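# Observations on the three-dimensional arrangement
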Amino acid sequence: TQLLEQSPQFLSIQEGENLTVYCNSSSVFSSLQWYRQEPGEGPVLLVTVVTGGEVKKLKRLTFQFGDARKDSSLHITAAQPGDTGLYLCAGAAHSGSARQLTFGSGTQLTVLP
Amino acid sequence: ETGVTQTPRHLVMGMTNKKSLKCEQHLGHNAMYWYKQSAKKPLELMFVYSLEERVENNSVPSRFSPECPNSSHLFLHLHTLQPEDSALYLCASSQDWAGGQETQYFGPGTRLLVL
């Protein structure tokens with residue numbers, strides 16, 4: 001069974017601060033996706049990383065896939081209250097089908113004004 | 001409407017009731033999924049349908065019965081549920097193709113409370 005561990009589980013910071021969320025596994029994934037989920041809504045895809053060592057930027061968000069494709073990180077620069085939400089990482093099985101997505105338990109981020 | 005829609009958004013039912021959750025996708029996708037999201041637990045994949053054929057059934061109790069009449073609609077029929085089945089039930093869809101990496105688009109979920 002593939003498991004994804006996310007840390008920290010909860011994070012509360014002040015507006016303008018930087019933060020990093022981690023997603024770790026002992027398994028290799030063919031790709032890894034990051035989602036954000038707001039209360040009362042389903043998860044919304046932020047990014048997909050595919051290549052080991054890949055770095056993708058989405059405005060103030062920077063996503064990195066580990067060289068061995070077992071872990072990933074999400075870094076937010078100058079966090080805003082609008083960044084508040086549940087951040088989920090999900091790994092696609094090495095067989096290549098995203099239907100086998102394994103989700104982490106999530107990081108609940110609160111950005112205080 | 002666009003995207004993935006789910007009805008009802010909230011549902012309260014007794015353990016002897018029978019109810020159904022509905023999901024509809026307007027994205028032209030050919031794969032649909034049911035997930036269960038409980039507090040402090042990762043999303044649990046329940047069922048996967050590809051081209052209206054069930055391809056995954058992750059040891060889900062028989063009191064949950066899925067139905068996929070066509071590629072745009074997915075149902076989850078519920079009967080004799082237990083209080084521990086209370087959770088957010090999420091539907092998702094994707095364009096299934098060999099090689100993977102397809103993005104899954106989620107609906108807003110149905111918040112279920114079993115009394």
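Rules behind the numbers
Residues numbered from 1 in each chain as written. Chains lettered and ligands numbered in written order. Predicted model: local features only at pLDDT ≥ 70, side-chain atom pairs only at ≥ 80, totals over all residues. Heavy atoms only, no water. Pairing = 2+ DSSP bridges. Helix = DSSP H or I, 4+ residues; strand = E, 2+ residues; numbered from the N terminus. Phe/Tyr/Trp six-rings, centres within 6.5 Å; stacked < 30°, edge-to-face > 60°. Core = buried A, V, L, I, M, F, W, Y, C linked by side-chain atoms within 4.5 Å. Buried < 20%, exposed > 50% of the residue type's maximum accessible area, 1.4 Å probe, protein only. Contact = heavy atoms within 4.5 Å. pLDDT = per-residue confidence, 0-100. Buried area = accessible area lost by both parts, 1.4 Å probe. Salt bridge = Lys/Arg side-chain N within 4 Å of Asp/Glu carboxyl O. Polar contact = N/O pair within 3.5 Å; in protein donor to acceptor, adjacent residues only side chain to side chain. Axes fitted to C-alpha atoms, helices over the stretch in contact; angles between N-to-C directions.

Glancing now at the pairing of strand β6 (residues 55–58) of chain A. One ladder, built from four bridges, connects β6 of chain A with strand β7 (residues 61–65) of chain A; its direction is antiparallel. What sits directly across from valine 55 of chain A, in β7 of chain A, is glutamine 64 of chain A.

Turning to the packing of aromatic side chains, a few remarks are in order. Under the defined criterion, the tally for this structure stands at eight aromatic pairs over all chains. Ring geometry for phenylalanine 64 of chain B and tyrosine 89 of chain B: centres 5.8 Å apart, planes at 35 degrees, overall tilted. Here tyrosine 89 of chain B lies in strand β9 (residues 87–94) and phenylalanine 64 of chain B lies in strand β7 (residues 64–70), a separation of 25 residues in the sequence. One aromatic cluster is present, formed by Tyr35 and Phe103 of chain A together with Tyr33, Tyr35 and Phe106 of chain B through successive ring pairs.

Residues Trp34, Phe64, Leu76 and Leu78 of chain B are the most contacted members of the largest nonpolar core, which totals 22 residues. In this view, leucine 76 of chain B contacts Lys19, Ser20, Leu21, Trp34, Met46, Phe47, Phe64, Ser65, Pro66 and Tyr89 of chain B; residues no more than four positions away in its chain are not counted. Listed in part, the 21 residues of the second largest apolar core include Leu61, Ile76, Ala79 and Val111 of chain A.

The next thing to look at is the confidence of the model for chain B. Overall, the prediction assigns chain B a mean pLDDT of 89, with 93% of residues at 70 or greater. No element of chain B has a lower mean pLDDT than strand β6 (residues 53–57) of chain B, at 76, and none a higher one than strand β3 (residues 18–25) of chain B, at 97.

Moving on: the interface of chain B and chain A. Facing the 23 residues of chain B at the interface are 21 residues of chain A. Taken over both partners, the interface formed by chain B and chain A buries close to 1700 Å², and the fraction arising from carbon and sulfur atoms is 51%. Where chain B meets chain A, there are zero salt bridges. Our enumeration of links across chain B and chain A arrives at three residue pairs in polar contact (both at pLDDT 80 or more). Listed by contribution, the elements that provide at least two residues to the side of chain B that touches chain A are β4 (31–37), β5 (44–50), β6 and β9 of chain B.

Residues and elements named next belong to chain A. When you line up the elements, leucine 88 lands in strand β9 (residues 85–92). The buried category is assigned to leucine 88, whose relative accessible area is 1%. On a C-alpha basis, the gap between leucine 88 and leucine 46 in space is 9.7 Å, while along the polypeptide they are 42 residues apart.

All names here are of chain B. Summarising the element assignment, glutamine 6 is placed in strand β1 (residues 4–7). When its relative accessible area of 3% is taken as the criterion, glutamine 6 is described as buried. For glutamine 6, the residues in contact, after removing those within four places along its chain, are Lys22, Cys23, Trp34, Tyr89, Leu90, Cys91, Gly107, Pro108, Gly109 and Thr110.

In this section: the sheet that holds β7 of chain A. All names here are of chain A. Reading across the sheet, the five strands line up as β1-β3-β8-β7-β6 and stay open at both edges, with antiparallel pairing between neighbours. Whereas interior strands pair on both sides, the edge strands pair on one side only; in this sheet they are β1 (5–7) and β6. Strand-to-strand twist in this sheet, taken as the mean axis angle between neighbours without regard to direction, amounts to 15 degrees.

What follows deals with the sheet that holds β1 of chain B. Residue and element names in this part refer to chain B. Strand order in the open sheet formed by four strands is β1-β3-β8-β7, and the pairing between neighbours is antiparallel. This sheet does not close on itself; its edge strands, each paired only once, are β1 and β7. Neighbour to neighbour, the strand axes of the sheet diverge by 20 degrees on average, direction disregarded. Where β7 and strand β8 (residues 73–79) come together, five bridges link them in antiparallel fashion. Bridge assignment links glutamate 67 to a residue of β8, and that residue is phenylalanine 75.

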